[in-house]
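Architecture and fold: a report
One letter stands for each residue in the lines below.
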Amino acid sequence: MANKPQIPTKNSALIAVIADEDTVTGFLLAGVGNVDIRRKTNYLIVDNKTTAKQIEEAFKEFTTREDIAIVLISQYVANMIRFLVDSYNKPIPAILEIPSKDHPYDPAHDSVLSRVKYLFSAESASSRF
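Here we summarise the structure given alongside this text. (Residues numbered from 1 in each chain as written. Predicted model: local features only at pLDDT ≥ 70, side-chain atom pairs only at ≥ 80, totals over all residues. Heavy atoms only, no water.)

**Let's talk about the pattern of salt bridges**
Scanning the entire structure with this criterion turns up seven salt bridges. Measuring nitrogen to oxygen at the nearest pair gives 3.4 Å for the salt bridge that ties Glu 57 to Lys 53. Of the two residues, Glu 57 and Lys 53 both sit in helix H2 (residues 52-64), four residues apart, roughly one turn of that helix. Note that Glu 61 and Arg 65 form a salt bridge whose closest N and O atoms lie 3.7 Å from each other. The class of Arg 65 is buried, set by a relative accessible area of 13%. (Salt bridge = Lys/Arg side-chain N within 4 Å of Asp/Glu carboxyl O. Helix = DSSP H or I, 4+ residues; strand = E, 2+ residues; numbered from the N terminus. Buried < 20%, exposed > 50% of the residue type's maximum accessible area, 1.4 Å probe, protein only.)

Now the structure itself:
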C-alpha cells in the first residue's frame, strides 16, 4: 500500500477531456472545465483542423499534470494517437475512451477493455494449472 499512487488532495483533482466540440461542451456545462492562472485548460476541442500532433501534445500534457485524475478521450480521437494511448500504463490519471455523437463506441478498439480481457484470460489460463 505504500507504493499506491496518490491523487493530490490539497486541491481537487480534475477531469480532462479530449473530444469533439459537442462532447467537450457537454462536459463543460456539467462543470468539468478549468482554466488555471497560466490560462491552461483541462480540455481540447478536436475538429477537422486539429492535427494529430496537437492531440498528442494535449494527451502528453494531461497525463503528466499532477492535478488531473482522469482523462476522457473520444474513441475516434484516441484512434488517431492509438500508439500513445496503448503505451500509457500509469494508474493515475486513468484514461477512459468514450463514444461521441458522430462516432459510435467500438469495444474492439478500447485499450482499457482489451487490458481487462488480457488479465482475465491470463488468470483463467493460470487457474487451469
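That was the structure; now back to the text.
**A word on the side chain of Glu 97**
Locating Glu 97 in the fold gives a position in strand E4 (residues 94-98). Side chain to side chain, Glu 97 and Arg 82 meet in a polar contact 2.8 Å long. When residues no more than four places from it in sequence are discounted, the contact partners of Glu 97 are Ile 73, Gln 75, Ala 78, Arg 82, Val 85, Tyr 105, His 109, Asp 110 and Ser 111. (Polar contact = N/O pair within 3.5 Å; in protein donor to acceptor, adjacent residues only side chain to side chain. Contact = heavy atoms within 4.5 Å.)

**Quick word on the pairing of strand E1 (residues 14-19)**
Counting buried residues in E1 gives five out of six residues, a clear majority hidden from the surface. Looking at chain direction, E1 and strand E3 (residues 68-74) are connected through five bridges and run parallel. Looking at the pairing, Ile 15 lines up with Ile 70 of E3. Sheet analysis places E1 next to strand E2 (residues 43-45), joined by three bridges and oriented parallel. Note that in E2 the partner of Ile 18 across the bridge is Leu 44. Following the backbone out of E1, through helix H1 (residues 21-29) and into the adjacent parallel E2, one traces a crossover that is right-handed. (Pairing = 2+ DSSP bridges. Right-handed = clockwise from strand over helix to strand, strands pointing away.)

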